[in-house]
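# Examining the three-dimensional arrangement
Given next are the chains, with one letter for each unit.
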Amino acid sequence: MHGAQASAAIFGWDALWVATALFGATYAVIMSEKVNRAIAALLGAGLMILLGVLDQQAAVRGIDFNTLGLLIGMMVIVAITRKSGVFQYLAIWAAKKADARPWGILLMLSAVTAVLSALLDNVTTVLLIVPVTLLITEELEVKPYPYLFSIVFAANIGGTATLIGDPPNIMIGSAANLSFNDFVFNLAPIIPLIFAATMAPIYLIWRNEFTASDAARQRVLSFNEREAISDARLLRQSLAVLALVILGFVFARPLHLEPATIALFGAALLLLLENLPHHAEQQSGNVHGAFADVEWVTIFFFVGLFIVVYGIEQAGLIELMADQLVTATRGDLTLTAMAILWGSALLSGVVDNIPFVATMIPLIKSMAPAFGGPEQLTPLWWSLALGACLGGNGTLIGASANLVVAGYAERAGHPIRFVPFLLVAFPLMLVSIAISSVYVYWRYL
Amino acid sequence: MTAATIMNAHPVALQAGDTVAHAIGVMLEHRLSNVPVVDAGKHFLGQFSMRGLMRLLLPRAATLDEGLVDLSFVADAPEHLRQRLQQIGGEKIADHLDDTPACVEPDAHLTETLLHLYRHGESLAVVDKTSGALAGVISPWDVVAGLSQRGQA
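Keep in mind that what you see is a predicted model, and the values were worked out from it rather than measured.

About the thresholds
Residues numbered from 1 in each chain as written. Chains lettered and ligands numbered in written order. Predicted model: local features only at pLDDT ≥ 70, side-chain atom pairs only at ≥ 80, totals over all residues. Helix = DSSP H or I, 4+ residues; strand = E, 2+ residues; numbered from the N terminus. Contact = placed C-beta atoms within 7 Å. Axes fitted to C-alpha atoms, helices over the stretch in contact; angles between N-to-C directions. Parallel < 35°, antiparallel > 145°, perpendicular 65-115°, else oblique. Pairing = 2+ DSSP bridges. Core = buried A, V, L, I, M, F, W, Y, C linked by C-beta atoms within 7 Å. Buried ≥ 20, exposed ≤ 12 C-beta atoms within 10 Å, placed from the backbone. Nonpolar A, V, L, I, M, F, W, Y, C, P; charged D, E, K, R; others polar.

### Quick word on the environment of A:Ala368
Residue and element names in this part refer to chain A. Here alanine 368 lies in helix α21 (residues 368-371). Each C-alpha atom, one on alanine 368 and one on glycine 165, is 26 Å from the other, the two residues being 203 residues apart in sequence. Those residues in contact with alanine 368 that lie beyond four places of it in its chain are Gly373, Pro374 and Leu377.

Set out below in structure tokens:
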């Protein structure tokens, strides 16, 4: 059903206008942050149905269950895995590998964060790494700011590399039928260069801060990372299941499996392995705990957004916007790709990149006829992924991981302020987008 | 029976300008886990507690919301902790007191007082809501002693 068919909402109002008004109001409320984003999205979705833009069956069709299943599955796997202590182990191991030298620690913790972010979601990664980072910087008697700053960047850069690294990639992969391998082959190659191009200025900016006394370094070196492993059996099970899930993603296409199936099956398998030795009551507590760790606010936010965006798609707004964009770029693929890359990056710094990507996905899909078919859209998908994920580094509110790190910093008595962060982060983000532009142009255009 | 009838009306109290070292001395001498802090006019300002002191000694990363839940990998360093204790000993307790502790009003019923004691596990300040003055302190010992005397009577 497209715009022309969805011409009337209740009272004979024009569905396009109703949907556009609801879409604008929903996004305005989300951006104002006066109301929880899940509430805003669900209200917007409910109104799309109540005002007749969509019926319930159409609304359910708009929900991308592949994205939701993948997110939930990975959240459950991480919730169980984290109990083993493996992430603290990795952070301490990294600090000791750097001989507890401040710059080495910053580099190693950032590298660990980037790798973990590629395999887990960014928020989870920083939730696991930041407390250990704060402990290490406290023991080293150094300011935590440069370390936290680098972790923010590393999380967003690392998350760009894979299908499962950042929610925008999950949405793009699901909507454009791009596999885990597609992301690895197309986005991961540029990530090390962006990481290096980010770390070098960080060193230059804070190089005078990277000193610590021998006594302080000895305290960090005396950490016993093996003691951080609280459950060796759970660690083995978790790593085995995580490896199976990654393998599943790699071979998803020949196996004709969707990522959500793989992630949810992996979650169920890990729940089984964790709970087999326990009696029913303990199993119930463990399963309840694992499910409670799922970020339901994010999940319901997605549900609402998918419906709101499906509403404007069905009402014909997306098609109109796509036509406008193609006209503005004169149907030039290079210009369109660059507009999407830079536009996504700049907008992701100020608005939540999830609703932005949710809107851009159908918009890009609608451009297929103008560019000669869906297969010609590949550069646009990679431009959107790079722009939306890396753009989150531009401001303190650009990505959820940034806000989580800022929250920790505040509670630890080392607040990260918006403007000082912006002054360093925004130029660094522009550098990463400039590198991405050259990459996209060189490789696809 | 109300909080006022069984509270200790002459509790040990600290002044906001007292040092942490002085507070530790008072708490050790009287074997108290928490002490009310008042200003010159006996207005209740908050509580200084052993739990708060433990928080000062521990790394911040472990006492934050969603912080580290396990420090077994950190080597034992009593000398480092001793230095830390000395370092904070000279600081004012005003900088480290809990200024929103649980407290009860003098006319609070015994059951309500018991519930607060059960939930917080420490002595409660009894504070007059209107004047903000510290009326006394009530501990689980006071409640049990009060109930026992009633039973005997």
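### Comments concerning the packing of helix α1 (residues 15-32) of chain A against helix α2 (residues 37-50) of chain A
All names here are of chain A. Their axes nearest at 9 Å, the elements α1 and α2 cross at an angle of 170 degrees. Between α1 and α2, the crossing angle belongs to the class labelled roughly antiparallel. On α2, the residues that touch Ala19, Leu22, Thr26, Val29 and Ile30 of α1 are Arg37, Ala40, Ala41, Gly44, Leu47 and Met48.

### Section: the sheet that holds strand β2 (residues 34-38) of chain B
All names here are of chain B. The three strands lie next to each other as β1-β2-β3, forming an open sheet whose pairing is mixed. Since the sheet does not close on itself, it has two edges, and those belong to β1 (14-15) and β3 (44-49), each with one partner. Each of β1, β2 and β3 is contacted by helix α2 (residues 20-30), which is oriented at about 130 degrees to β2, the strand it contacts most.

### As for the nonpolar core
Counting 156 residues, the largest nonpolar core has A:Ala19, A:Leu109 and A:Ile151 as its most contacted members. In this structure A:Ala19 touches A:Met48, A:Val53, A:Gly311, A:Ile312, A:Ala315 and A:Leu317, once residues within four positions along its chain are discounted. Listed in part, the 26 residues of the second largest apolar core include B:Val104, B:Leu124, B:Ala125 and B:Ala135.

### Considerations on the interface of chain A and chain B
Contacts between the two partners involve 21 residues from chain A and, on the opposite side, 14 residues from chain B. Per-element tally for the side of chain A that touches chain B: the top contributor is helix α7 (residues 122-140) of chain A, with six residues. Each residue belonging to the side of chain A that touches chain B can be placed in one class, and the counts come to 10 nonpolar, six polar and five charged.

### Comments concerning the sheet that holds strand β5 (residues 124-127) of chain B
All names here are of chain B. In spatial order, the strands read β4-β5-β6; together these three strands make up an open sheet with mixed pairing. If you trace the sheet from one side to the other, it starts and ends with β4 (103-104) and β6 (134-138), each paired once. As paired elements, β4 and β5 share two bridges and run parallel to each other. Bridge pairing links cysteine 103 to alanine 125 in β5.

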